[in-house]
Amino acid sequence: MKVGIIGFGRLGKLLTKNLSKDATTICYDINISKEEVESLGSKVGTLEEVCKSTILILCVPISAIESIADQIAPLVSKETLVVDVCSVKIHPMKILEEKLPQDTQILGTHPMFGPDSAAKSLYGCKIVLCQQRVSDERYRNIKGYLESHGLKVIEATADEHDQQIANTLILTHTIGRTLMEMNATEMEIDTKGYRRLLKILETVENDSVQLFKDMNKYNPHAKNMRTSLSSALEETLASVQS
Ligand SMILES: O=C(O)C(=O)C[C@]1(C(=O)O)C=C[C@@H](O)C=C1
């Protein structure tokens, strides 16, 4: 089995490192270091070459999915299963369904881990699968592979995913970015609770502003979460002023 990976950013590197232990992998990005790819057990390929893989994983920013779909549409073979790993699910799956040839299979996934939370191992990490345009057999094989590596598979529709992730991941990143904006840092006189609050930064501060903007922009449930967060904060602040 050959796995192609488009996008050699933070998540692309993590997936390359882990998948290369079990499969032949091939990576493509506009700017890519041959040495770094090879150090992870993979090799660099052209866009045409990665598109011929059995499984093609798109590790690109959410806002780049549309242009990547346009680029790969004429190149993917009928046998290729295209997998997206975006932090939102309705948007990329809709785009891929519209843009890719009808007989190309598509699997929506959201690995709920990254280089910070899964630096040592993927064991026990969660991944969401949205079985929308993929055969039962392929879906079962992928689910089995993930579970055999200790991953906890959560099956959901794209809408269920986006609703819950708005109130979990996006809320966390919003609070984390707010703490960063306040320059919150360890102090001599602080508490265990405060240190626990700062822990949020460990999974947020290394992620790009682009990811934060995209996860908000492309999740139709994010606005509701932001509205309830902001009114809850107002209520809380108002309660100490009265
Ligand atoms: O572990 C990390 O590096 C992450 O930032 C992963 C993280 C998170 O914030 O927990 C970030 C984006 C995702 O789509 C899922 C998980």
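Residues numbered from 1 in each chain as written. Predicted model: local features only at pLDDT ≥ 70, side-chain atom pairs only at ≥ 80, totals over all residues. Heavy atoms only, no water.

As annotated in an unreviewed UniProt entry, the protein chain carries the name Prephenate dehydrogenase and is attributed to Halobacteriovorax marinus.

A.B. asks: Can you break down the layout of surface pockets residue by residue, with the values?
C.D. replies: If a probe the size of a water molecule is rolled over the atoms, the empty space left behind becomes visible. Estimates place the volume of the largest pocket at around 1,300 Å³. Of all the elements in the fold, those that place two or more residues in the lining of the largest pocket are α1 (10-19), α4 (65-72), β6 (105-111), β7 (126-133), β8 (152-155), α7 (158-181) and α9 (209-217). Element by element, the count of residues in the lining of the largest pocket is highest for α7, at eight residues. Here the lining of the largest pocket is composed, by residue class, of 24 nonpolar, 17 polar and eight charged. The volume enclosed by the second largest pocket comes to roughly 670 Å³. Taken together, 32 residues line the second largest pocket, and the ones lying closest to its centre are Leu 19, Ile 57, Ile 142, Tyr 145 and Leu 146. (1 Å grid on protein atoms, 1.4 Å probe; cavity = no way out; pocket = protein on both sides within 12 Å on 5 of 7 lines; lining within 4 Å. Points joined across faces, edges and corners; volume = space filled by probe spheres on them. Helix = DSSP H or I, 4+ residues; strand = E, 2+ residues; numbered from the N terminus. Nonpolar A, V, L, I, M, F, W, Y, C, P; charged D, E, K, R; others polar.)

A.B. asks: So what's going on with the site of the ligand? Which residues, and what values?
C.D. replies: Surveying the vicinity of the ligand reveals 14 residues, the closest of which are Ser 87, His 110, Ser 117, His 173 and Asp 207. Residue Gly 114 places a main-chain N or O atom 3.1 Å away from an oxygen atom belonging to the ligand. A distance of 2.6 Å separates an oxygen atom of the ligand from a polar side-chain atom of Asp 207. For the ligand, whose accessible area on its own is 380 Å², the fraction buried by protein is 89%. When each cavity is represented as a set of grid points, the ligand is found to reside in the largest pocket. Residues of the shell around the ligand, tallied by class, amount to five nonpolar, six polar and three charged. (Near = heavy atom within 4 Å. Polar contact = N/O pair within 3.5 Å; in protein donor to acceptor, adjacent residues only side chain to side chain. Areas by Shrake-Rupley, 256 points an atom, 1.4 Å probe, with all protein chains shown as cover. Sits in = over half its atoms within 2 Å of the grid points.)

A.B. asks: Talk me through the nonpolar core; I want residue IDs and the actual numbers.
C.D. replies: Of all hydrophobic cores here, the largest spans 30 residues; its most connected members are Leu 15, Ile 57, Leu 107 and Phe 113. Here this core gets four residues from one element, more than from any other, and that element is α1. The residues contacting Leu 15, other than those within four sequence positions of it, are Ser 20, Ile 57, Cys 59, Val 85 and Phe 113. The next biggest cluster of nonpolar side chains, apart from the first, holds 28 residues, and it includes Ile 26, Ile 62, Leu 100 and Tyr 218. (Core = buried A, V, L, I, M, F, W, Y, C linked by side-chain atoms within 4.5 Å. Buried < 20%, exposed > 50% of the residue type's maximum accessible area, 1.4 Å probe, protein only. Contact = heavy atoms within 4.5 Å.)

A.B. asks: Describe the domain arrangement of the protein chain, naming the residues involved and giving the relevant values.
C.D. replies: As assigned here, the protein chain comprises domain 1 (2-157) and domain 2 (167-233). A separation of 27 Å is found between the C-alpha centroids of domain 1 and domain 2. Carbon and sulfur atoms supply 63% of the area that domain 1 and domain 2 bury against each other, a total of about 910 Å² over both sides. Where domain 1 touches domain 2, the interface holds one salt bridge. Counting every contact that joins domain 1 to domain 2 gives four residue pairs in polar contact (both at pLDDT 80 or more). (Domains from an automatic or database assignment. Buried area = accessible area lost by both parts, 1.4 Å probe. Salt bridge = Lys/Arg side-chain N within 4 Å of Asp/Glu carboxyl O.)

A.B. asks: Outline the UniProt feature "domain: Prephenate/arogenate dehydrogenase" (unreviewed entry) in the protein chain, supporting the account with residue identities and numerical values.
C.D. replies: In this structure's numbering, the residues bearing the UniProt feature "domain: Prephenate/arogenate dehydrogenase" (unreviewed entry) are residues 1-242. Annotated as residues 1-242, this span is 48% helix and 16% strand, and its ends, taken at the C-alpha atoms, are 65 Å apart. (UniProt positions renumbered as here; feature names shortened; annotations may be inferred.)

A.B. asks: A description of the pattern of salt bridges should follow, citing residues and the corresponding values.
C.D. replies: Going through the model one piece at a time under the given rule, you end up with 13 salt bridges. Between Lys 34 and Glu 38 there is a salt bridge; the shortest N-O distance is 3.4 Å. Placement of both Lys 34 and Glu 38 in helix α2 (residues 34-39) is noted, with a separation of four residues, approximately one turn of the helix. Classification of Lys 34 by relative accessible area gives partly exposed; the value is 49%. Residues participating in the shared-partner salt-bridge network are Arg 10, Asp 116 and Asp 207.

A.B. asks: Please give an account of the sheet that holds strand β5 (residues 81-84) that cites residues and values.
C.D. replies: Spatial ordering of the open sheet is given by β3-β2-β1-β4-β5-β6-β7-β8, a layout of eight strands whose pairing is mixed. Two strands bound the open sheet, and with one partner strand each, they are β3 (43-44) and β8. Bridging between strand β4 (residues 55-58) and β5 involves four bridges; their strand directions are parallel. Its bridge partner lying in β5, Leu 56 is registered against Val 82. (Pairing = 2+ DSSP bridges.)

A.B. asks: How would you explain the confidence of the model for the protein chain if you had to name every residue and give the values?
C.D. replies: Averaged over the protein chain, the pLDDT score is 97; the fraction of residues at 70 or greater is 100%. Complex prediction metrics read pTM 0.96 and ipTM 0.97. (pLDDT = per-residue confidence, 0-100.)

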